[in-house]
Amino acid sequence: QVQLVESGGGLVQPGGSLRLSCAASGSIFSVYGMGWYRQAPGKERELVATITSSGSTNYADSVKGRFTISIDNAKNTVYLQMNSLKFEDTAVYYCDGQFVVAQTYRYLDVWGQGTLVTVSS
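Below is a short write-up of the structure. Only a predicted model underlies this, so the values are computations on that prediction, with no experimental measurement involved.

Structural notes on unusual backbone geometry
Logical step 1: A positive phi angle is found at S84, which is not glycine, with a value near 50 degrees.
Logical step 2: The phi dihedral of Y105 falls on the positive side, at around 60 degrees, and the residue is not glycine.
Logical step 3: Tracing the chain through its elements places Y105 in the loop between β9 (91-101) and β10 (107-111).
Logical step 4: We classify Y105 as exposed; its relative accessible area is 52%.

Points about the pairing of strand β4 (residues 28-39)
Both faces of the sheet carry side chains from a regular strand, because those side chains alternate between them.
Logical step 1: Inspection of the sheet shows β4 paired to β9 by 10 bridges, in the antiparallel sense. Pairing of V31 across the sheet is with F99, part of β9.
Logical step 2: Summarising the sheet, β4 and strand β5 (residues 46-52) pair through six bridges and their orientation is antiparallel. The residue bridging G35 from the neighbouring strand is T50, located in β5.

Calculation criteria
Residues numbered from 1 in each chain as written. Predicted model: local features only at pLDDT ≥ 70, side-chain atom pairs only at ≥ 80, totals over all residues. Heavy atoms only, no water. Helix = DSSP H or I, 4+ residues; strand = E, 2+ residues; numbered from the N terminus. Buried < 20%, exposed > 50% of the residue type's maximum accessible area, 1.4 Å probe, protein only. Pairing = 2+ DSSP bridges.

Rendered as structure tokens:
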């Protein structure tokens, strides 16, 4: 009913930047909010940043001041601008979105397939 497609991952050197995108499509009536999570090898998935449709944001302490989350409500797309990347930012980054589905008006939580970010020299 609702799909998320992520893009923008890749290999970057420490101190570099990447921009992740996550586009939602399907039977969307409205968006509660969207966010990014990440999972490093051998670790649990953790929150990176979230944003509501009205623009309220929340960041993990580890990324505050380096990462910026934004949302384009017209495109149902969330972005994560990642600057000053560190080795420890290496992980698979997952997009998450909470939606109200059109016609049924049911709440739906959807995850993307993940995109790999590797910070390496």
